[in-house]
Number of protein chains: 2
Amino acid sequence: MTSREKHDRMANAIRFLSMDAVEKAQSGHPGLPMGCADIATVLFTKYLNFDPKNPHWPDRDRFVLSAGHGSMLLYSLLYLTGYEDITIDEIKHFRQVDSKTAGHPEYGHAAGIETTTGPLGQGIGNSVGMALAERKLRAEFGEDLVDHHTYVLAGDGCLMEGISQEAIALAGHLKLNKLVLFWDNNGISIDGDVHLSDSTDQIERFKAVHWHTIEIDGHDPEAIAGAIEEAHTSDRPTMIACKTTIGFGAPTKAGTQKAHGSALGEEEIAETRKNLGWDSPPFEIPSDILDAWRLAGLRSTSERKEWEQRLKDADSNKRADFERRAKGELVGGFDGKLEELKRKFADEKPKDATRKHSEAVLEVVNGVLPEMLGGSADLTPSNNTQTSQMKDLTADDFSGRYVHYGIREHAMVAAMSGIALHEGLIPYGGTFMCFTDYCRPAIRLASMMGVRAIYVLTHDSIGLGEDGPTHQPVEHLAALRVIPNLLTFRPADATETLECWQLALESNHRPSGMVLSRQKLRAARTDYSEENLSAYGAYDLSPSSNAEVTIFASGSEVEIALDAKEMLEKEGRATRVVSVPSMELFHEQTDQYKAAIIGNSPVKVAIEAGVRQGWDAFIGHDGIFVGMHGFGASGAYEDLYRHFDITASAAVEAVRARLNG
Amino acid sequence: MTSREKHDRMANAIRFLSMDAVEKAQSGHPGLPMGCADIATVLFTKYLNFDPKNPHWPDRDRFVLSAGHGSMLLYSLLYLTGYEDITIDEIKHFRQVDSKTAGHPEYGHAAGIETTTGPLGQGIGNSVGMALAERKLRAEFGEDLVDHHTYVLAGDGCLMEGISQEAIALAGHLKLNKLVLFWDNNGISIDGDVHLSDSTDQIERFKAVHWHTIEIDGHDPEAIAGAIEEAHTSDRPTMIACKTTIGFGAPTKAGTQKAHGSALGEEEIAETRKNLGWDSPPFEIPSDILDAWRLAGLRSTSERKEWEQRLKDADSNKRADFERRAKGELVGGFDGKLEELKRKFADEKPKDATRKHSEAVLEVVNGVLPEMLGGSADLTPSNNTQTSQMKDLTADDFSGRYVHYGIREHAMVAAMSGIALHEGLIPYGGTFMCFTDYCRPAIRLASMMGVRAIYVLTHDSIGLGEDGPTHQPVEHLAALRVIPNLLTFRPADATETLECWQLALESNHRPSGMVLSRQKLRAARTDYSEENLSAYGAYDLSPSSNAEVTIFASGSEVEIALDAKEMLEKEGRATRVVSVPSMELFHEQTDQYKAAIIGNSPVKVAIEAGVRQGWDAFIGHDGIFVGMHGFGASGAYEDLYRHFDITASAAVEAVRARLNG
């Protein structure tokens, strides 16, 4: 048992590292690390199973700092417990260009940072995904290999964001009892007292979604320990409301918003040193305290070794599968199975919606890859995401592989990131393309982290018809294409759908959006090609030497482009059609390839049932764009394409006008 | 008192209009209108104060169908109660191109549609804004002129979406007791039973945010009436949980997801006719029932007339102010006051962040326009949104003009739409630019509806510095510029900030985003100009005849462009600088103006600390782009501009390479 005095000094080590780092940077958030130092000290020194020397140990507990602005809490912990990535020098360079200690914790910057946080509430969503992955893999591989907790620290801001409700409702529904949420109940937000804007009874709120709840003094180490132990025995996720003082220890700023988001100032820090009895200079930790922390960092070594032994002793197939999946590698037979289906598509040339083709591809993929974990935000029959293998995953039965995420796109995508970050599973989840707006903050973070999560985005244009403008994506393709590191795929037929799925699955370090039609489309690719042509992003679908006209199109508009070509060629105008399943992949090709694909036809046309932005890179700003210029409308989709002049004849007419004008 | 038999037949009129219209369209959602017909019948025939012949009566009660897929419920009610816009012919043309009866209710298509709904949860946010506006205007103009209820009908989907939590927490906090939410508790979602994905105790959840709650049988008219009367006496908002059967009356599909989102089929409808004892053919309402409904539509006529008399009798200034604000007109002295400030800016050439200039402009605007209702999603000191006039609005004192929305960007923007739709107030609200992602679905609907709401979006690029990539907008400018009908302003200095605010306020039928810097910028406009140059969207800031180089830039990069020009001209390269405060407004100019602004310099450059998408329209796809190519980083902003090569020298070097290559 750590003495209270020792505990306090260990917690103060976090406090002073944090306030001194913020002071040196003259930027950052000292208030949370100071307020939550006691919680973190108890958790990291007594309960968290982790091994700083083997930070990727698959069965480690996960710690997520959802209130990411308190990043110095995490950096302090990583330094103190002995993670090699976070040296004292990194702490001194907090928030400077090229340091690992970015303003908010960035996944990939240093081991021990389990996810990127900062935008509030996201970490709660991630932690639900991690806890879900743990529970699912435990069902699959057994407690010998998978048995750990997920801890998440959230502030008032996290709990005010809507995503928190979606996430906790899902966690409560699935009874993810190894998930523990600490609420840093400090009563302060940026505008001032939280009561300026909120009077939620958080305990009652969590109870309403079937969480176990505990209320404690967040500065009492015994109460913190007691609460964690109680949480460990709960059959439901646990929320521990920790009453804390923001900026704990600062004589004039503690308990006020002045401690939240800026350096405390030399004088206040000097007074805090006196107040807390801390006489070490900045960035120096008394050796007995550093030793105690480093010892805490060695706590789980034997447990980690025992786990490694259990893995070694496991059935060789099980072990191989576990290790392959932890590494994120696909099974050997994956490509072969897809090739079979690709030949079938080339033979049969199925005419159907790409969402249906996607289902056919998934039927094969899910049969080959046991790590696929599917789901939908309550649009299963529309997204075509539940294949024959995908039994429902429920609170009582985690052998299922299909998650009914509910009408919670935002939590779904954040949870999918948590699932991917956990490792061992590849999450895919469906919603309507239009509702990417609802989950955009989570898609952005997935892209920043480079997780392999695949969004199945059906009903991708006015082609969805009668549901009208509220449901018709118009600007969404352009809006997704601008998110760095995200792959946006819009396949034109069965073959391209297969190719795009293959690319998405092979992209270990990027999320992908599969943008799919509701309406039926005829086959654009009629010959079998072993090569994945969609990998080029854009390619010559229907070439023509010395083409007078080049038409670029994606997805459901490719068949319109092919019709326009036919009409133009009847008039003696040589015409090329370029299919563009992924603008991002195209822009990543060599300059030579890009120049060849863009070509030098005197007339360039782009056809896409979305806005123009992005297409100027293909057709130039004087090119002809056949697409949307505003919101859609409600009606049968064939009528809408005519209404908005997205037709082969409209394209042909525009070409004629250009050639004759 | 309506007899039960009469009530049932009146409710069945809604049911059959709905199922027959969906059947004819072979598209739509019969389940909700059939399930909620009893609730709607009681509300519209006994409690709702409204006048179909004077649908814009300012003191009418508002009814919001948050579960917008149940649009036939609303269209049926509008037809039955006698709104002229919704004829039986419109009902017959449900979901067809050019009909007023779109798939989801579209604001502006027909009187009586108070807001556009469909994307779930949004209507709850709108209704909170409407109730807030009512309460605020009541405090200002008195109960004689403002005293009405806001009713909102929400389904399980609305309540699962995160925005619902943000919205109900805000409403509970502000004690908006004239807000009544009916929860259509039918236990069914698209995937099947709601329990597949949710087990929330909604009653407890609403209690946790201080709502009054009532549980009733949603098919019992007396219980419905009793609940509404109880709600009217509550000092808090009320949630009425109505246990209903989706598709009520359909013999085999009622109570299942089969009734939710597709036509019931001829046979099922025939059986429903038998089951409910309804022998009228489709689209024919028995005359006694239609009469009863039309009579219900006349219920509030005398109340409306009395209100008009009270308005007539009111103090003439008060009356004029009320009428001006209801019409959305600005006060006469508005432009003059802004001109004074504009002259001051031209004289003083203040060097500061545009967020600070925005505050200075707001200080004048808020002094002139009492209808300005400000707020922030808990970033008041960062957004600079609270000027001297803006006392806090609280549950106990609605004389304030400043709303602490809490860390709830999504509900804030949806509520702002509700405030604007209510009429009488102009809402503006602040958040970080990056968090437009969190409220994008609500921004989109505001744009679709064309409401005047102004988003104050500070910290607009890597220029925010140390908070790093999670908080640095990179793709957000491009992503906002693609939303149809939204105005995105990114002013370069004090003068442009003023001009952009003026344009935003004068844009009656468009929302605007004011994209503002955290860092200080020097004045770009140094001479006074009476004309609002920002109104052109892009204009010659620093002209040069026969320019060899034209540099386009927006916001904080304009000063970089001006520096680059100076450097280039020292080398003898004539250079123009075009400031681009609003791409949208530029694209709306005449072709002649656009051609002149784009000009024909051999070298064109765009400088913006965001992604390239959108700029090709100015510089061509072979133009030089100085901007971001991926996510940002954490560091001092000056370091980051250098790190990412967004500097005058980088621009000059690229120009040199082009001219010499």
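None of the values given here were measured: they were computed from a predicted structure.

Engineer: Is there a simple way to think about the overall build of chain A in this case?
Structural biologist: Across its full length, chain A carries 26 helices and 20 strands. In terms of C-alpha radius of gyration, chain A reaches 27 Å, essentially the compact-globule figure of 26 Å for 661 residues. For chain A, the spread of C-alpha atoms along the principal axes amounts to about 90 × 55 × 45 Å. For chain A, the residues scored as buried account for 69% of the 661 residues in total. Counting only carbon and sulfur atoms, one obtains 46% of the accessible surface of chain A, whose full area is about 20600 Å². Each charge class in chain A can be summarised by its mean position, and for the 67 positive and 97 negative side chains these summaries are 2 Å apart.

Engineer: Explain the interface of chain A and chain B here, please?
Structural biologist: Interface size is often expressed as the accessible area that is lost when the parts come together. Taken together, the contact pairs 92 residues of chain A with 92 residues of chain B. Contact between chain A and chain B buries roughly 7700 Å² in total, counting both sides, with carbon and sulfur atoms accounting for 56%. The partner of Arg-95 of chain B in a salt bridge is Asp-467 of chain A, and the shortest N-O contact between them spans 2.8 Å. Seen at the junction of chain A and chain B, the total is 50 residue pairs in polar contact (both at pLDDT 80 or more).

Engineer: Hey, could you run me through the environment of Ser-512 of chain B in this one?
Structural biologist: Residues and elements named next belong to chain B. By secondary structure assignment, the location of Ser-512 is in strand β14 (residues 512-515). Along the sequence, Ser-512 and Thr-436 sit 76 residues apart, while their C-alpha atoms lie 12 Å from each other. Sequence-distant contacts of Ser-512, defined by excluding residues within four places in its chain, comprise Ala-453, Ile-454, Tyr-455, Leu-486, Leu-487, Phe-489 and Ala-504.

Engineer: Just checking my understanding: could you explain the domain arrangement of chain A for this structure?
Structural biologist: All names here are of chain A. Annotation of chain A at the domain level lists domain 1 (4-299), domain 2 (334-521) and domain 3 (535-660). Taking only C-alpha atoms, the centre of domain 2 and the centre of domain 3 are 25 Å apart. On the side of domain 3, 35 residues touch domain 2, which itself brings 29 residues to the contact. Counting the surface lost from both domain 2 and domain 3, the interface buries some 2500 Å², and carbon and sulfur atoms represent 56% of this. Glu-608 is the salt-bridge partner of Arg-490, the closest N and O atoms lying 4.0 Å from each other. Linking domain 2 with domain 3 are 16 residue pairs in polar contact (both at pLDDT 80 or more). When contributions to the side of domain 2 that touches domain 3 are tallied by element, the ones reaching two or more residues are α19 (476-481), β13 (487-489), α20 (494-506) and β15 (520-521). The biggest single contributor to the side of domain 2 that touches domain 3 is α19, with four residues. For the side of domain 2 that touches domain 3, the residue count by class is 15 nonpolar, seven polar and seven charged.

Engineer: How should the UniProt feature "binding site: thiamine diphosphate" (unreviewed entry) in chain A be read in this particular structure?
Structural biologist: Residues annotated in UniProt with the feature "binding site: thiamine diphosphate" (unreviewed entry) correspond here to His-69, Gly-118, Pro-119, Leu-120, Gly-157, Asn-186, His-260 and Phe-435 of chain A. Spanning 367 residues, the named residues are also spread out in space, since their farthest C-alpha pair is 34.0 Å apart. On the secondary structure map, Gly-157 of chain A appears in helix α6 (residues 156-160). A relative accessible area of 8% means that Gly-157 of chain A is categorised as buried. Those residues in contact with Gly-157 of chain A, other than ones at most four positions away along the chain, are Leu-120 of chain A together with Ile-407 of chain B. Residues within four places of Phe-435 of chain A in sequence aside, it is in contact with Glu-409 and His-471 of chain A together with Pro-119 of chain B.

Conventions used here
Residues numbered from 1 in each chain as written. Chains lettered and ligands numbered in written order. Predicted model: local features only at pLDDT ≥ 70, side-chain atom pairs only at ≥ 80, totals over all residues. Heavy atoms only, no water. Helix = DSSP H or I, 4+ residues; strand = E, 2+ residues; numbered from the N terminus. Rg over C-alpha atoms; globule rule 2.2 N^0.38 Å. Buried < 20%, exposed > 50% of the residue type's maximum accessible area, 1.4 Å probe, protein only. Areas by Shrake-Rupley, 256 points an atom, 1.4 Å probe, with all protein chains shown as cover. Lys, Arg positive; Asp, Glu negative; His and termini not counted. Charge placed at Lys NZ, Arg CZ, Asp CG, Glu CD. Contact = heavy atoms within 4.5 Å. Buried area = accessible area lost by both parts, 1.4 Å probe. Salt bridge = Lys/Arg side-chain N within 4 Å of Asp/Glu carboxyl O. Polar contact = N/O pair within 3.5 Å; in protein donor to acceptor, adjacent residues only side chain to side chain. Domains from an automatic or database assignment. Nonpolar A, V, L, I, M, F, W, Y, C, P; charged D, E, K, R; others polar. UniProt positions renumbered as here; feature names shortened; annotations may be inferred.

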